Amino acid sequence: MGKKGSAGSAGSAGSAGSPSDTGVLNTLVNNLTNGPQGALVFVIYIAIIGLVIWLLWKIFSGSVEKLKNEITTVTVGNEAVRAIERRTGTTASYTDQEYKEFADQLYTAMNGPTTDEDSVKAVMEQMKSESDLARLEKAFGKRDSSWNPFDKQTGLSSWLHDDFRTAKEMEEWVNAPLRANGIKKQY
Ligand SMILES: [Ca+2]
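Remember, predicted model here, so these are calculated numbers, not experimental data. (Residues numbered from 1 in each chain as written. Predicted model: local features only at pLDDT ≥ 70, side-chain atom pairs only at ≥ 80, totals over all residues.)

Undergrad: It is not clear to me how the overall build of the protein should be interpreted in this structure. Could you clarify?
TA: For the protein, the count of helices and strands is nine helices and zero strands. The order of helices and strands in the protein, counted from the N terminus, is α-α-α-α-α-α-α-α-α. Residue burial in the protein is summarised as follows: out of 187 residues, 20% are buried. Long-range contacts, defined here as pairs at least 24 residues apart, represent 68% of the contacts in the protein between residues at least 6 apart. (Helix = DSSP H or I, 4+ residues; strand = E, 2+ residues; numbered from the N terminus. Buried ≥ 20, exposed ≤ 12 C-beta atoms within 10 Å, placed from the backbone. Contact = placed C-beta atoms within 7 Å.)

Here's what the structure looks like:
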């Protein structure tokens, strides 16, 4: 009972405070809540709902981005390449410049709303060892999509999974060609 009473007095004290300062505000509130101005209130509600949806979407798309990066363990650095080469006992078949050209070929094949599957497969067929694939991932690094503004700074594995959505597609154009060359790593 005491609790209820104190809450009530606090509320009335707040709303009664300094009426002269809030004349403009009161007029605004009256305009928003009375008669024909109801439409304006409706518009403001819609704007607020839109803002909330936009924020949720931004958060969600950010989460998707992080998840994609987790899936990939992307961006193989020099140390990671050496570790893979030690573990698998393999060495590079190409020069750094050639890996860069392979990576650029993959990027060109996948960037944009469509995919040049044959071009992707052609690169995979030229990977002869785990070392080659690690060096290819390193050369690819993290790249931005030039057409999807939300697809930024993702590595080769993310790019492949974006363009080859089903296991069947990934098998045909990526995984089977790699296995055919004795490479164990699969996407
Ligand atoms: Ca694409």
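Don't stop here, the text continues.
Undergrad: Looking at this model, I keep getting lost on the packing of helix H5 (residues 96-110) against helix H7 (residues 130-140). Mind explaining?
TA: The relative placement of two packed helices is expressed as an angle between their axes plus a distance between the axes. Running from N to C, H5 and H7 point in directions that differ by 65°, and their axes come no closer than 8 Å. In terms of orientation, H5 lies roughly perpendicular with respect to H7. As H5 packs across H7, the resulting crossing turns out to be right-handed. Taken together, the residues of H7 that come into contact with H5 (itself represented by Tyr99, Lys100, Phe102, Ala103 and Leu106) are Arg135, Leu136, Ala139 and Phe140. (Axes fitted to C-alpha atoms, helices over the stretch in contact; angles between N-to-C directions. Parallel < 35°, antiparallel > 145°, perpendicular 65-115°, else oblique. Left-handed = near helix turned anticlockwise from the far one by under 90°.)

Undergrad: Sorry if this is basic, but what is going on with the environment of Ser146 here?
TA: In this structure, Ser146 sits in the loop between H7 and helix H8 (156-163). In sequence terms Ser146 and Asn111 are 35 residues apart; their C-alpha atoms lie 6.9 Å from each other.

Undergrad: Before we go on, may I ask you to explain H5 in this structure?
TA: In an α-helix, one turn spans 3.6 residues; hence positions three or four apart end up facing the same way. Helix length check: H5, at 15 residues, gives a terminal C-alpha distance of 21 Å against a target of 21 Å (1.5 Å per residue), a fit within 8%. In this structure, the buried side of H5 is in contact with helix H6 (117-125), H7 and H8. Backbone geometry just after H5 places Gly112 at a positive phi near 105°. (Expected span 1.5 Å × (residues − 1).)

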